[in-house]
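Read off the chains here:
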Amino acid sequence: MPTLEAIQTKIRRLQEQAEAIKAKKASATLDRIVGLMHESGVTVADIEAHLGGKKRGPKPGKKATAAAAVVPAKYMNPKTGATWSGRGRAPAWIASAKNRDRFLVDGKSSNASTSGSTKAKRPGNYARGPQPAKYRDPETGATWSGRGPAPAWMANVKDRGIFLIDAAA
């Protein structure tokens with residue numbers, strides 16, 4: 001029965017053989033590439049220019065500016081000095097913070113309003129959250145705010161004005 005050391009020695013020899021075979025194949029492939037380059041007159045600079053044009057640079061029709069590539073830091077960790085621009089995934093030191101104002105670099109509040117609400121208003125005049133009832137079914141007393149799909153007692157009614165709560169009062 002072979003010992004552990006004998007098996008490890010065999011493994012090392014086989015790995016060395018595998019590396020030698022890889023190097024030999026790579027050398028043969030490179031020789032073929034160099035031969036093809038000489039036949040067609042292609043240089044290394046041509047290849048770099050071709051690869052650089054495909055992967056790098058701005059998309060057609062867009063200008064590349066230094067300002068677009070670099071975004072100034074908006075938040076800074078007071079303990080370590082690490083910064084974050086406010087774009088992308090938040091780093092761990094600020095991710096769980098409910099109010100990020102204390103991390104602002106310029107020290108100014110990010111909320112434009114100075115009222116007690118911490119939530120910024122969204123654009124538009126859409127009232128969010130539960131709304132008061134606007135319609136009432138006189139038979140069952142069921143109510144509907146006028147938002148979302150109409151309930152069965154209101155769905156096929158042509159004149160909804162008869163169910164208005166304000167009209168009855």
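Structure's up top.
Below is a short write-up of the structure. Since we're looking at a predicted model, the values are computed, not measured.

What follows concerns the overall build of the protein chain. Looking only at helices and strands, the protein chain has six helices and four strands in total. The linear arrangement of helices and strands in the protein chain, starting from the amino end, is α-α-α-β-β-α-β-β-α-α. Expressed as a percentage of the 169 residues in the protein chain, the buried residues total 8%. Across the protein chain, contacts joining residues at least 24 apart in sequence account for 25% of those joining residues at least 6 apart. For the protein chain, the exposed surface amounts to about 14,800 Å²; the carbon and sulfur share of it is 57%.

Below, the discussion takes up the side chain of Asp-137. Turning to its location among the elements, Asp-137 is positioned in the loop between strand 3 (135–136) and strand 4 (143–144). Lacking a salt bridge, the buried Asp-137 has Arg-136 as its closest oppositely charged neighbour, with an N-O distance of 9.1 Å. In this structure Asp-137 touches Ala-142, Trp-153 and Phe-163, once residues within four positions along its chain are discounted.

Take Asn-77: it is sitting in the loop between strand 1 (75–76) and strand 2 (83–84). Judged by its relative accessible area of 8%, Asn-77 is buried. Reaching out from Asn-77, the side chain makes a polar contact with the backbone nitrogen of Lys-79 at a distance of 3.1 Å. Contacts of Asn-77, omitting those with residues within four sequence positions, involve Ala-82, Trp-93 and Phe-103.

Rules and cut-offs
- Residues numbered from 1 in each chain as written.
- Predicted model: local features only at pLDDT ≥ 70, side-chain atom pairs only at ≥ 80, totals over all residues.
- Heavy atoms only, no water.
- Helix = DSSP H or I, 4+ residues; strand = E, 2+ residues; numbered from the N terminus.
- Buried < 20%, exposed > 50% of the residue type's maximum accessible area, 1.4 Å probe, protein only.
- Contact = heavy atoms within 4.5 Å.
- Areas by Shrake-Rupley, 256 points an atom, 1.4 Å probe, with all protein chains shown as cover.
- Lys, Arg positive; Asp, Glu negative; His and termini not counted.
- Salt bridge = Lys/Arg side-chain N within 4 Å of Asp/Glu carboxyl O.
- Polar contact = N/O pair within 3.5 Å; in protein donor to acceptor, adjacent residues only side chain to side chain.

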